[in-house]
Amino acid sequence: RPTTMRHAIQRSVEWFVSCKENRRYHRLVHREPRSYDEVATRKFSCRVREVPSCWVGSLDKVGLLLSGPAVLNDSLPSFTGQAVLGFMQRLMDQAGHEEVVGHVQRGVDLEEQRWPLRHFAGHLLTQ
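Residues numbered from 1 in each chain as written. Predicted model: local features only at pLDDT ≥ 70, side-chain atom pairs only at ≥ 80, totals over all residues. Heavy atoms only, no water.

K.L.:
Any chance you could break down the overall build of the chain for me, citing the residues and the numbers?
P.N.:
Helices and strands together make up the secondary structure of the chain, namely 5 helices and 4 strands. The order of helices and strands in the chain, counted from the N terminus, is α-α-β-α-β-α-β-β-α. Expressed as a percentage of the 127 residues in the chain, the buried residues total 10%. Counting contacts in the chain only where the partners sit at least 6 residues apart, residues at least 24 apart contribute 28% of the total. Carbon and sulfur atoms make up 57% of the accessible area of the chain, which amounts to about 11,100 Å² in all. (Helix = DSSP H or I, 4+ residues; strand = E, 2+ residues; numbered from the N terminus. Buried < 20%, exposed > 50% of the residue type's maximum accessible area, 1.4 Å probe, protein only. Contact = heavy atoms within 4.5 Å. Areas by Shrake-Rupley, 256 points an atom, 1.4 Å probe, with all protein chains shown as cover.)

Structure below.
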C-alpha cells in the first residue's frame, strides 16, 4: 500500500529532528553539487533500459517478476537512516573482502585498479 506524501514527510521530519547524528548525516548526503574539471575527460555513453515497477502488494507483481527485472516500491519501508548503515556494516562484514575492478582516469590514460569492496564504502563505514 503506498505511503501518503503527508505521512512520508512527517516521518522524514521526525527522523531529522530525532538526533544530532541524523542531521549530520543529512547534511553530508545532501551537499550542494560539486563541480569537476571536465577538460581532460572523455565522454562515454551507455545503454539505458526501462525497468518496470509496481507496489510490493500489487497483484501485477508476479507477472512483472516473471518477465524480468522489476522495482518493487515500498518493499523495505523501514530501510532508512541508521538501518541503512547497519545493513552496510553487515554487508561489508560478509562481502567486504571481495575484489572489485575500478577504472581511474588520469588525463587521457585509463588505469584499471582492483580494491576490496570495503574500500568503496570506507568513507561511510569505519574499517
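K.L.:
Which residues make up the confidence of the model for the chain, and what are the values?
P.N.:
Of all residues in the chain, 82% attain a pLDDT of 70 or more, and the chain-wide mean is 78. For the stretch residues 123-127, pLDDT sits under 50, and the model shows 8 contacts to residues farther than four places along the chain or on other chains. (pLDDT = per-residue confidence, 0-100.)

K.L.:
Give me the lowdown on the pairing of strand 4 (residues 109-116), citing residues and values where you can.
P.N.:
As judged from the 8 bridges shared by strand 3 (residues 99-106) and strand 4, these two strands associate in the antiparallel manner. Its bridge partner being in strand 4, H103 is matched across the sheet by E112. Where strand 3 hands over to strand 4, the hairpin turn is made up of 2 residues, of which G107 adopts a positive phi near 65 degrees. (Pairing = 2+ DSSP bridges.)

K.L.:
Describe the packing of helix 1 (residues 5-18) against helix 2 (residues 20-29), naming the residues involved and giving the relevant values.
P.N.:
It is the contact of helix 1 with helix 2, at a shortest axis distance of 5 Å, that shows an interaxial angle of 110 degrees. Overall, the two elements helix 1 and helix 2 adopt an arrangement that is roughly perpendicular. Each of W15, F16, V17 and S18 in helix 1 lies in contact with helix 2, whose residues at this interface are N22, R23, Y25 and H26. In terms of residue class, the contact of helix 1 with helix 2 is built from 4 nonpolar, 3 polar and 1 charged. (Axes fitted to C-alpha atoms, helices over the stretch in contact; angles between N-to-C directions. Parallel < 35°, antiparallel > 145°, perpendicular 65-115°, else oblique. Nonpolar A, V, L, I, M, F, W, Y, C, P; charged D, E, K, R; others polar.)

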